[in-house]
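# What the coordinates show
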Amino acid sequence: MLITKIYEPKDLAKAADELTKGELIAFPTETVYGLGADATNELAVKRVYLAKGRPSDNPLIVTVSSFEMVQRFVTDISLDAKKLIESFWPGSLTIILKINPGSLSKVVTGGLETAAFRMPKNDVTRKLIELADVPIVGPSANSSGKPSPTTAEHVYHDLEGKIAGIVNDGPTKVGVESTIIDMSTDIPAILRPGAVTFEEIENVLQKKIITDQHKVGANEVPKAPGMKYKHYAPSAQVLIVEKNKWEKALIWAKKQSTVIGVLASKEEESLLPENCKFFNLGTDVKSASHNLFAGLRYFDDQADVKWILAAAFPEIGLGKAYMNRLKKAAGDQFFTD
Ligand code: TXA
Ligand code: MG
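The model shown is predicted, which means the values in this text are computed figures rather than measured ones.

On to the sheet that holds strand β13 (residues 276–280), then. Sheet architecture is open: four strands sit in the order β11-β14-β12-β13, paired in parallel fashion. Among the strands making up the open sheet, the edge pair consists of β11 (237–241) and β13. When the angles between neighbouring strand axes are averaged without regard to direction, this sheet yields 20°. With five bridges joining them, strand β12 (residues 259–264) and strand β14 (residues 305–311) adopt parallel strand pairing.

Our focus in this paragraph is the domain arrangement of the protein chain. Taken domain by domain, the protein chain comprises domain 1 (5–211) and domain 2 (237–330). One C-alpha centre belongs to domain 1, the other to domain 2, and the line joining them spans 29 Å. With 25 residues of domain 1 at the contact, the number on the domain 2 side is 13 residues. Looking at the side of domain 1 facing domain 2, the largest losses of area belong to P147, V176 and P193, adding up to 32% of the total buried there.

For the structure shown, the criterion picks out 21 salt bridges. Two residues, D11 and K10, come together in a salt bridge whose shortest N-O distance is 3.5 Å. The buried category is assigned to D11, whose relative accessible area is 16%. The partner of K208 in a salt bridge is E202, and the shortest N-O contact between them spans 3.6 Å. Accessibility expressed as a relative area gives 65% for K208, which makes it exposed.

All right, on to unusual backbone geometry then. Following W89, the chain continues to P90 via a peptide bond in cis, the omega torsion being -10°. The residue D133 is not glycine, and still its phi comes out positive at about 60°. Following the sequence through the fold, D133 ends up in the loop between α6 (123–132) and β7 (136–137). Judged by its relative accessible area of 46%, D133 is partly exposed. Positive phi, close to 65°, is recorded for D332, a residue that is not glycine.

Here is what the cut-offs are and how they apply
Residues numbered from 1 in each chain as written. Chains lettered and ligands numbered in written order. Predicted model: local features only at pLDDT ≥ 70, side-chain atom pairs only at ≥ 80, totals over all residues. Heavy atoms only, no water. Pairing = 2+ DSSP bridges. Helix = DSSP H or I, 4+ residues; strand = E, 2+ residues; numbered from the N terminus. Axes fitted to C-alpha atoms, helices over the stretch in contact; angles between N-to-C directions. Domains from an automatic or database assignment. Contact = heavy atoms within 4.5 Å. Buried area = accessible area lost by both parts, 1.4 Å probe. Salt bridge = Lys/Arg side-chain N within 4 Å of Asp/Glu carboxyl O. Buried < 20%, exposed > 50% of the residue type's maximum accessible area, 1.4 Å probe, protein only.

Have a look at this one:
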C-alpha cells in the first residue's frame, strides 16, 4: 500500500515532481478537491479510475493553469467560448470544447470528440500545474459514490493508501462542483449547475442557453456521461425540508424510534427533539452549499442515523446547484405532512 503524504503549499515542487513521475496527487480548488494526474500520461490517468473506483467511460475534466494549455488540444475556439473564458476563468466554470482528434487520450475523454476544460480559482493548484507544466485530470477526489470532498481530510478518508499525496489548502470555499457548459454545439447547454449561474452566463453571451438537464435513463447516451451514474446516496434516507415545514418535520422526527440527523440552520437547532443530531448548514444558500457535503459525510459515518432531514433553499442562482446535489442525495424525496 502507498503512503499518502500531505503536502502543504510550501512543498508544491515535491508534489509537482510526483505528478510528472505519473503519481496521483489530490489538489484543492475553490469548489471541491480534485484527483490529479498528468493528463498526457495514459497510465497515470488509468490509475485515477482505479483509485476512485470510477466507471471507465466517464470522462475526466482537464485542469489547466493557462489558456495556452487549452490551445495544445483545441484549435478552433469560438468567440462565445473565448468570452466565457475571459469572464469566468479562473473560476467555477468547466467548458466542453471540441478537441483536435487524437490530441488527448481516450482514457481522458471516454472516446468523445470533446473534452471538459477548467481553470480553478486556487493559486496553489494553478502553481502546481505550472510547475508540472502539464494539464492534470481533475475528477472530484472522492471514492466513486461518495460526496465530493471539501477538505483534505475527506480525501484522506476515501483515498488513503491509493494515491501518493494530497495538497492541503484548507476547506474549499464554494463546496459544490463547477458549472459545466457544453460549447461544442451550436446552442450552449448547461450540463451541470454550479456556482457560476445561468443568468451570469446569459449576461456574458447575450443569448439564451439551454439549461434543463433532463434525467438520463440507463440506455440513453447522456451529454455529460457522469449524469447516468447513481449519485451519492447516504445509507440514511434523506428528506428535503422546505422552510415552512420544519415545525411539522421535527414533530414527525420526535415520534421516530431511530436517530435522525438534521442539516439545517441554528434557528432549527433550538427546536430539536432529543433523538436528533444537528449539523449546522448556516443561514444562507452560500453557507449551505459550503457545508452540504461535509454534513452528509458527517451523518453517513454514524450507523445509528437512519433519516436525515436537510434544509431546502429556493432554486435560484447558487440555489440551483445546491438543490441539484441535495435532490440527488435524497432521491428527490421531500418531507410531506
Ligand atoms: O468543480 C469541479 O468540477 C471538480 C473540481 C475538482 O474541479 N471536478 C469534478 O469532476 O466535479 P467530476 O469528474 O467529478 O465531474 C465532471 C463531470 C462528469 O460528470 C463527466 O461525465 C463530465 O464532467 N464530463 C467530462 N468530460 C466531458 C465531456 N467531454 N463531455 C461531457 N461531459 C463531460
Ligand atoms: Mg465527481
